[in-house]
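# Fold and geometry: a report
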Amino acid sequence: HISSPTPATSTSEAAAGATNSYGVGGGFTETVLDERDDGEDVEESGDNWIDVDYEAQTFHVVLTEQIRTFGDIKQHLLASNVALTSTHYIVDPNSEQEWQDDDDALIANHKQLVIRWHCFFVKIVDGMDFREDVRVSEDFTIAKIKETVESEWNVRLEQLSKDGYELENDKTLREYNITDNGHSLISRICCTVIDEECSLSTDILICEFWSLRDVLDTYLSSSRRERHDHAVLFLNDRSLDLSSTVHDEQIENQVVLKYVVGSYKVLVYDSELTAQSAYLQGTGINASGNDQQCIEVQVTDGQSIADIQAEYARITRKPFMANDKLLSNERVLEENVPLFKLRIKDNEALIIEREQQQKAAEYICAECGAIVSLRPFDAVQCRECFMNVVYKKRTTRVCQYNCR
């Protein structure tokens, strides 16, 4: 609600006197000043007045010795909490003469005067869901535009950009040469990133001043994936330079990007492989490492741990047993989960944890003297005569005992 120092009334005639016009560069919001055409001298009669229409309210202003000029009208409106700025003009609609800086000019009788706010519209875009024309003035700061959008549409804009450049909050539209209709300010762009190898489709929100490396990081964070050195983004079958910006590559709303990782290697370590190193060198298989031997296996993100085990067994001719496991940083990796979900990186070190095979001990059958090999929990029985009594073989190693 806007209050006035002088009595204010709302009349149908005043409402009918409100007009709209359009000037160069955009529309105007108008406040109409209707002078009474009674022919009396303003200096001698208190019946001379004007009605000021401002945002559906009417201010009844009596012309006195203190209110005679355009500057007096501005001060009176400011005192009435009407937010006048440098972009408000007092205009004679008949001659289109403007009094913007000439505050000392007298208000002539028998005139209908209009206060115009030189405004225009900019289009604000935020993703796919928000696309609105916002009424602004050239002295609006970027921060004020964000506040206007949040106040009217309940949409918070973290940033705004134009032509690939981020707009600073404390700068005005005039400083960015935005003074008329036809401009669009972009907050975020919604694009889709697909990975055909992994059958993934992910929607992300990006800014047009971002580099494509920032876009890639946002996608990897959103899809919970690891970065790969040779990963590439494609647009219409054209590979994109990660150092270029979203605006440079003309990426807009609803654009589809393709993400391709390709093959990469993981390093598989097996403590039991040392004995096979001579065989590996003889066959030309790449075996490297410091303390332990490792096997390099080429994989893709769509493959699983079971595929790595099968490839490792093919290279080394050493199959995986049912309870053998692959570990990464002491984390047991599930066999049938794709590598991208396990967040396997380039040159990831995978450790084979094999099931401990308990060695068999040799015994002598008490009946027939046959050698019987037994493991813990095996049935004590000779395989030749089925006798249930066996003797432990005498050791051949030197034993020393301290006796008292």
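Computed from a predicted structure; not experimentally measured.

### What to know about the overall build of the chain
In terms of regular secondary structure, the chain is built from seven helices and 25 strands. A burial count over the chain gives 41% of its 404 residues as buried. Contacts in the chain between residues at least 24 apart in sequence constitute 58% of all its contacts with a sequence separation of at least 6.

### Notes on the pairing of strand E17 (residues 264-269)
Here is the key point about a regular strand: its side chains alternate between the two faces of the sheet. Counting buried residues in E17 gives five out of six residues, a clear majority hidden from the surface. Inspection of the sheet shows E17 paired to strand E22 (residues 348-353) by four bridges, in the parallel sense. Across the sheet, leucine 267 pairs through a bridge with alanine 349, a residue of E22.

### What about the packing of aromatic side chains?
Applying the stated rule across the entire model yields three aromatic pairs. Judged by centre distance (5.7 Å) and plane angle (80°), the rings of phenylalanine 130 and tryptophan 153 are edge-to-face. With phenylalanine 130 in strand E9 (residues 130-136) and tryptophan 153 in helix H3 (residues 142-153), this pair connects stretches of sequence that are 23 residues apart. For phenylalanine 130, a relative accessible area of 7% gives the class buried. With a relative accessible area of 28%, tryptophan 153 lands in the partly exposed category.

### Overview of the pattern of salt bridges
Scanning all chains against the criterion turns up 16 salt bridges. Among the salt bridges present, the one from arginine 225 reaches aspartate 301, with a minimum N-O distance of 2.8 Å. Taken together, the positions of arginine 225 in the loop between helix H4 (212-223) and strand E14 (232-235) and aspartate 301 in the loop between strand E19 (294-299) and helix H6 (305-316) put the pair 76 residues apart, joining distant regions of the chain. Residue arginine 225 shares its accessibility class with aspartate 301, and that shared class is buried. One salt bridge in this structure joins aspartate 270 and lysine 318, with 3.8 Å as the shortest N-O distance.

### Looking at a negative patch on the surface
There is a patch of like negative charges on the surface, built from Glu166, Glu168, Asp170 and Glu175. Glutamate 168 sits in the partly exposed class, given a relative accessible area of 42%.

### Comments concerning the nonpolar core
Of all hydrophobic cores here, the largest spans 42 residues; its most connected members are Ile251, Leu257, Tyr259, Val266 and Ile308. The element that contributes the greatest number of residues to this core is H4, accounting for five residues. In contact with tyrosine 259, other than residues within four places in its own chain, are Val193, Ile194, Asp195, Leu216, Tyr219, Leu220, Arg225, Glu226, His228, Ala231, Val232 and Leu233. Core analysis: the second largest hydrophobic core is formed by 17 residues, Phe130, Phe140, Val149 and Leu160 among them.

### Some thoughts on H4
A rise of 1.5 Å per residue sets the reference length of H4, with its twelve residues, at 16 Å; its end C-alpha atoms lie 16 Å apart and thus fit the reference within 8%. Within H4 the residues assigned to the buried category are Leu212, Val215, Leu216, Tyr219, Leu220 and Ser223. The arc that holds every buried residue of H4, seen down its axis, measures 130°, which confines them to one face. Residues of H4 that are buried make contact with strand E12 (183-195), strand E13 (200-206), E14 and strand E16 (256-260). Directly after H4, the chain includes arginine 224, whose backbone phi takes a positive value near 55°.

### Observations regarding the state of the cysteines
Under the criterion given, the structure shown has zero disulfides. Cysteine cysteine 368 is unpaired, with the sulfur of cysteine 385 as its nearest cysteine sulfur at 3.6 Å.

### Here we look at the side chain of threonine 148
Summarising the element assignment, threonine 148 is placed in helix H3. A polar contact is formed between the side chain of threonine 148 and the backbone oxygen of lysine 144, at a distance of 2.8 Å. With near-sequence residues (within four places) excluded, threonine 148 lies in contact with Val134, Phe140 and Trp153.

### Section: the sheet that holds strand E23 (residues 361-365)
Read from one edge of the open sheet, three strands run E24-E23-E25, paired in antiparallel fashion. Edge positions in the sheet fall to strand E24 (371-374) and strand E25 (390-392), since each of these pairs with one other strand and no more. Looking at each pair of strands side by side, their axes are set apart by 45° on average, direction ignored. Two strands pair when backbone bridges link them, and E23 and E25 are joined in this way by three bridges, in the antiparallel orientation. When the bridges of E25 are listed, cysteine 365 appears paired with valine 390.

### As for unusual backbone geometry
One non-glycine residue, aspartate 163, lies in positive phi territory at about 55°. Within the secondary structure layout, aspartate 163 lies in the loop between strand E10 (161-162) and strand E11 (165-166). Judged by its relative accessible area of 46%, aspartate 163 falls in the partly exposed class. Positioned with a positive phi, asparagine 347 is a non-glycine residue whose angle comes to about 55°. Note that asparagine 347 resides in the loop between helix H7 (339-342) and E22.

### Topic: the side chain of histidine 228
Position of histidine 228 relative to the elements: it lies in the loop between H4 and E14. With residues up to four places along the chain from it excluded, the contact list for histidine 228 reads Tyr259, Val261, Tyr264, Asp301, Ile344, Lys345 and Asp346.

### Comments concerning the confidence of the model for the chain
Summary statistics for the chain give a mean pLDDT of 78 and a share of 71% for residues scoring 70 or more. Low pLDDT, under 50, characterises residues 1-26; the predicted model gives this stretch 59 contacts beyond four residues in sequence or across chains. Low confidence marks residues 35-46, where pLDDT is under 50. Its contacts with residues over four positions away, or in another chain, come to 28 contacts.

### Overview of the environment of tyrosine 312
Mapped onto the fold, tyrosine 312 is located in helix H6. Through-space distance from the C-alpha of tyrosine 312 to that of glutamate 296 is 8.7 Å; in sequence the pair is 16 residues apart.

Quick notes on the rules
Residues numbered from 1 in each chain as written. Predicted model: local features only at pLDDT ≥ 70, side-chain atom pairs only at ≥ 80, totals over all residues. Heavy atoms only, no water. Helix = DSSP H or I, 4+ residues; strand = E, 2+ residues; numbered from the N terminus. Buried < 20%, exposed > 50% of the residue type's maximum accessible area, 1.4 Å probe, protein only. Contact = heavy atoms within 4.5 Å. Pairing = 2+ DSSP bridges. Phe/Tyr/Trp six-rings, centres within 6.5 Å; stacked < 30°, edge-to-face > 60°. Salt bridge = Lys/Arg side-chain N within 4 Å of Asp/Glu carboxyl O. Patch = residues over 30% accessible without salt bridge, like charges linked within 9 Å, V, L, I, M, F, W, Y side chains within 5 Å. Areas by Shrake-Rupley, 256 points an atom, 1.4 Å probe, with all protein chains shown as cover. Lys, Arg positive; Asp, Glu negative; His and termini not counted. Charge placed at Lys NZ, Arg CZ, Asp CG, Glu CD. Core = buried A, V, L, I, M, F, W, Y, C linked by side-chain atoms within 4.5 Å. Expected span 1.5 Å × (residues − 1). Arc of directions from axis to C-beta. Disulfide = S-S within 2.5 Å. Polar contact = N/O pair within 3.5 Å; in protein donor to acceptor, adjacent residues only side chain to side chain. Axes fitted to C-alpha atoms, helices over the stretch in contact; angles between N-to-C directions. pLDDT = per-residue confidence, 0-100.

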